[in-house]
Every structure is written in C-alpha cells, then in structure tokens.
Amino acid sequence: MPKVKVAKMADVQPGKMIGLDVMGKRMLLANVGGKMFAMDGVCSHAGGHLWEGQLLGMTVKCPRHGSEFDLATGKNTKKPFLPFAKAPDLRVYPVSVEGDDVVLDI
Ligand code: FES
C-alpha cells in the first residue's frame with residue numbers, strides 16, 4: 001500500500017475534520033484529541049460529504065440523513081433516519097505522523 005503525505009498536523013485542529021482528495025478518492029481526516037483518523041469521506045447511504053457533518057468524539061455523523069460511523073473501525077453505528085435506509089460500513093486507513101506531516105497508508 002502506498003504511503004501518501006496528505007496534510008500538516010496544523011491543518012486539522014483537535015475536534016475538527018477535513019475532506020481530502022487522495023489518489024482520486026474522497027476521504028476524511030479527523031483529529032480526535034490530537035490523534036488523527038482517516039476514513040472514506042463519502043457516506044455509503046447516498047453520498048453525503050461526511051467531513052461536512054459532525055464529529056462527536058469518535059463518531060462521524062452524516063450531514064444528510066444522520067447516519068453515524070465509528071472512526072476507528074468504519075462501522076455504521078446508526079442507520080439513516082429514513083425508513084428502511086441502510087448505510088454499509090466504510091473503510092478506515094492507517095494514519096501516521098512524520099514530523100509535521102500526516103501520512104496515510106492507502
Ligand atoms: S447520505 Fe449519509 S445518511 Fe444519507
């Protein structure tokens with residue numbers, strides 16, 4: 001898996017997340033208490049931009065229909081609020097910090 005420098009630590013303050021375009025893939029990078037996490041950035045229900053949603057501890061809430069995903073595992077922990085809707089689990093990616101650089105293993 002290639003390692004890619006995607007951001008500087010200062011680009012994502014604790015409690016915040018940003019969207020990234022990495023090798024043609026939309027991803028999100030979140031800072032939880034100084035630790036970085038990376039996950040698919042597009043909601044598996046209907047394409048919501050997860051980095052525009054809410055970061056609630058280790059949970060990302062989709063801005064469109066309220067699905068929630070665990071940042072550590074990508075697991076969908078709350079379904080969309082629409083009847084019968086589902087949001088399959090997302091992929092998460094290893095993150096390392098090299099100096100000031102945030103590096104993803106994708
Ligand atoms: S697009 Fe994310 S919950 Fe519907």
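Below: a short report on this structure. Just so it is clear, the structure is predicted and the values come from calculations on it, not from any experiment. Sequence order sets the numbering: in each chain, residues are counted from 1 along the sequence as written. Where local features are concerned, this predicted model is filtered to residues with pLDDT of at least 70; where side-chain atom pairs are given and counted, the filter is 80 or more; whole-chain, interface and lining totals use all residues.

Some words on the sheet that holds strand β8 (residues 76-78)
The line we're drawing: A pair of strands counts as paired when DSSP detects no fewer than two bridges linking them. Counting from the N terminus, the helices are the DSSP runs of H or I reaching at least four residues and the strands are the DSSP runs of E reaching at least two. Axis lines are fitted through C-alpha atoms, for helices just across the contact stretch, and the angle between N-to-C directions can take any value from 0 to 180 degrees.
On the basis of which strands lie adjacent, the open sheet formed by four strands has the order β5-β6-β7-β8 and antiparallel pairing. Since the sheet does not close on itself, it has two edges, and those belong to β5 (54-56) and β8, each with one partner. On average, each strand axis in the sheet is tilted by 30 degrees relative to the strand beside it, whichever way the strands run. With three bridges joining them, β5 and strand β6 (residues 59-61) adopt antiparallel strand pairing. Along β6, the bridge assignment pairs Gln-54 with Lys-61.

Some details on the pairing of strand β2 (residues 17-22)
Inspection of the sheet shows β2 paired to strand β3 (residues 25-32) by six bridges, in the antiparallel sense. If you follow Met-17 over to β3, its bridge partner there is Ala-30. The loop that links β2 with its antiparallel partner β3 comprises two residues; one of these, Met-23, has a positive phi angle of about 50 degrees.

Comments concerning unusual backbone geometry
Operational definition: Around each residue's C-beta, the other C-beta atoms within 10 Å are counted; 20 or more make the residue buried, 12 or fewer make it exposed, and counts in between make it partly exposed. All C-beta atoms are placed from the backbone.
The phi angle at Met-23 is positive, at roughly 50 degrees, despite the residue not being glycine. Residue position: Met-23 is located in the loop between β2 and β3. At Phe-84, a position not held by glycine, the phi torsion is positive, near 65 degrees. In this fold, Phe-84 is placed in the loop between β8 and β9 (92-93). The class for Phe-84 is exposed, based on 6 C-beta atoms found within 10 Å.

As for the sheet that holds strand β11 (residues 101-105)
With antiparallel pairing, the three strands of this open sheet are ordered in space as β1-β11-β10. Two strands close off the open sheet at either side, each with one partner strand: β1 (3-8) and β10 (95-98). In this sheet, neighbouring strand axes are inclined to one another by 35 degrees on average, regardless of whether the strands run parallel or antiparallel.

Considering the environment of Gly-57
Within the secondary structure layout, Gly-57 lies in the loop between β5 and β6. Taking the C-beta count within 10 Å as the criterion, Gly-57 has 10 such neighbours and is therefore assigned exposed. Between the C-alpha atom of Gly-57 and that of Gly-33, which follows or precedes it by 24 residues, the distance is 8.7 Å.

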